[in-house]
Amino acid sequence: LGDAASLTSITAYREFDSLYSSSEGTPLSVTLQANRIYHHQFSQELRLNGQFGERLHYTLGGYYFDKSSENVSRITLPTLEWSEHNVVPSTTKAVFANVDFALTDKLNFVAGARYTDVSKTFHYGRLGIPGVAGGLPPASLAPLNGLVRTYADDRLDYRAVAQYRWNDALMTYLQVSTGFKGGGVAPRPYDYRQIRPFGPEELRAYEIGFKTDFFDHRLRLNGDIFYMDYQGYQGIPRICLDADGNQLPA
């Protein structure tokens, strides 16, 4: 767009399907899963980069992401046997901005922010297998068939950095930033009471460090100390509890 600004557009499409199986690893194979996964996604990013004078550089942009995942599975357990057909569409929209300002020839500040809106919908399918138990899903799983649950959330994340260049060989910096891993709804329930939403995993990170170049750029030494504070950590539980803390059936 001229010497002071440029516009970048990034369009991407991806799709894949996979087939895999798993068991508990014994010759008896009393627990067996056969899975077929389908996935396709589209994303579009538009980014404007520019500067005002020699001291202020900026980036403004927007991002759109749309995907759908689908899994078709046959699951055999010691007491249950059924098939699944789950569909999970998801959409993410975001806008972001970043500013880099040189207050002096040595002191530099960077500030950025990103607003993100996420929506995920879970369509649960629990079906029977022809020739097994009359071709009907197990009674404990039948209530899951056809259920639809949606997770939606939006949030604002930020990043702030102060950099000081002591000389051509040494730069130090201090940074504070946030980020997240999106929430959702229990993806593989065995009981309708296990369909519970979960919030995002949130991160606040603090970092202080240095970057150096010595001997005409022949030796580079970088180091930092960081502290990361996670809230709402997303792990895989060994048991599933209801709202009252009672263990649900597996």
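Not measured: the values here are computed from a predicted model.

### Considering the overall build of the chain
So, step 1. Looking only at helices and strands, one finds 0 helices and 12 strands in the chain.
So, step 2. Taken against the 2.2 N^0.38 rule, which gives 18 Å for 250 residues, the C-alpha radius of gyration of the chain at 25 Å runs more than 25% over that of a compact globule.
So, step 3. Dimensions along the principal axes, computed over C-alpha positions, put the chain at roughly 80 × 40 × 40 Å.
So, step 4. Of the accessible surface of the chain, which amounts to about 16000 Å², a share of 58% is contributed by carbon and sulfur atoms.
So, step 5. On the chain, the mean spot of the 24 positive side-chain charges and the mean spot of the 27 negative ones are 2 Å from each other.

### Some thoughts on the side chain of Arg155
So, step 1. Here Arg155 is to be found in strand S7 (residues 148–167).
So, step 2. Polar contacts involving the side chain of Arg155 include one to the side chain of Asp157, which spans 2.7 Å.

### Comments concerning the pairing of strand S2 (residues 32–52)
So, step 1. As judged from the 19 bridges shared by strand S1 (residues 5–23) and S2, these two strands associate in the antiparallel manner. Looking across to S2, one finds that Ala5 is bridged to Gly50.
So, step 2. Of the strand pairs in this sheet, S2 and strand S3 (residues 56–76) are connected by 21 bridges, and their pairing is antiparallel. Bridging across to S3, Ala34 finds its partner in Arg74.
So, step 3. Hairpin connection of S2 to S3: 3 residues between the antiparallel strands, including Gly53 at a positive phi of 70°.

### What about the packing of aromatic side chains?
So, step 1. Under the definition given, this model contains 5 aromatic pairs.
So, step 2. Their ring planes at 25° and their centres at 5.3 Å tell us that Phe52 and Tyr58 sit as a pair that is stacked.
So, step 3. For Tyr58, a relative accessible area of 16% corresponds to the buried category.

### What to know about unusual backbone geometry
So, step 1. For Phe215, which is not glycine, the phi torsion reads 55° and is therefore positive.
So, step 2. Within the fold, Phe215 resides in the loop between strand S11 (201–214) and strand S12 (219–231).
So, step 3. If you check the backbone angles, His217 has positive phi at about 65° while not being a glycine.
So, step 4. On the secondary structure map, His217 appears in the loop between S11 and S12.
So, step 5. Looking at His217, the relative accessible area reads 59%, which means it is exposed.

### What about the layout of surface pockets?
Sizing a probe to match a water molecule and rolling it over the atoms shows the empty space that remains.
So, step 1. One number sums up the size of the second largest pocket: a volume of about 540 Å³.
So, step 2. Lining the second largest pocket we find 26 residues, and of these Lys67, Ser69, Val88, Phe122 and Pro187 sit closest to its centre.
So, step 3. Broken down by secondary-structure element, the contributors of at least two residues to the lining of the second largest pocket are S2, S3, strand S4 (81–102), strand S5 (107–123) and strand S9 (184–185).
So, step 4. No other element matches S3, which puts 6 residues into the lining of the second largest pocket.
So, step 5. Here the lining of the second largest pocket is composed, by residue class, of 11 nonpolar, 11 polar and 4 charged.

### Structural notes on empty space enclosed by the protein
So, step 1. In this structure the tally under the stated criterion is 1 cavity of 30 Å³ or more.
So, step 2. Approximately 40 Å³ is the volume attributed to the largest cavity.
So, step 3. For the lining of the largest cavity, the secondary-structure elements that each account for two or more residues are S5 and S7.
So, step 4. If you tally residues by element for the lining of the largest cavity, the top one is S7, at 4 residues.
So, step 5. When the residues that make up the lining of the largest cavity are grouped by side-chain class, the tally is 3 nonpolar, 3 polar and 3 charged.

Cut-off values and rules
- Residues numbered from 1 in each chain as written.
- Predicted model: local features only at pLDDT ≥ 70, side-chain atom pairs only at ≥ 80, totals over all residues.
- Heavy atoms only, no water.
- Helix = DSSP H or I, 4+ residues; strand = E, 2+ residues; numbered from the N terminus.
- Rg over C-alpha atoms; globule rule 2.2 N^0.38 Å.
- Areas by Shrake-Rupley, 256 points an atom, 1.4 Å probe, with all protein chains shown as cover.
- Lys, Arg positive; Asp, Glu negative; His and termini not counted.
- Charge placed at Lys NZ, Arg CZ, Asp CG, Glu CD.
- Polar contact = N/O pair within 3.5 Å; in protein donor to acceptor, adjacent residues only side chain to side chain.
- Pairing = 2+ DSSP bridges.
- Phe/Tyr/Trp six-rings, centres within 6.5 Å; stacked < 30°, edge-to-face > 60°.
- Buried < 20%, exposed > 50% of the residue type's maximum accessible area, 1.4 Å probe, protein only.
- 1 Å grid on protein atoms, 1.4 Å probe; cavity = no way out; pocket = protein on both sides within 12 Å on 5 of 7 lines; lining within 4 Å.
- Points joined across faces, edges and corners; volume = space filled by probe spheres on them.
- Nonpolar A, V, L, I, M, F, W, Y, C, P; charged D, E, K, R; others polar.

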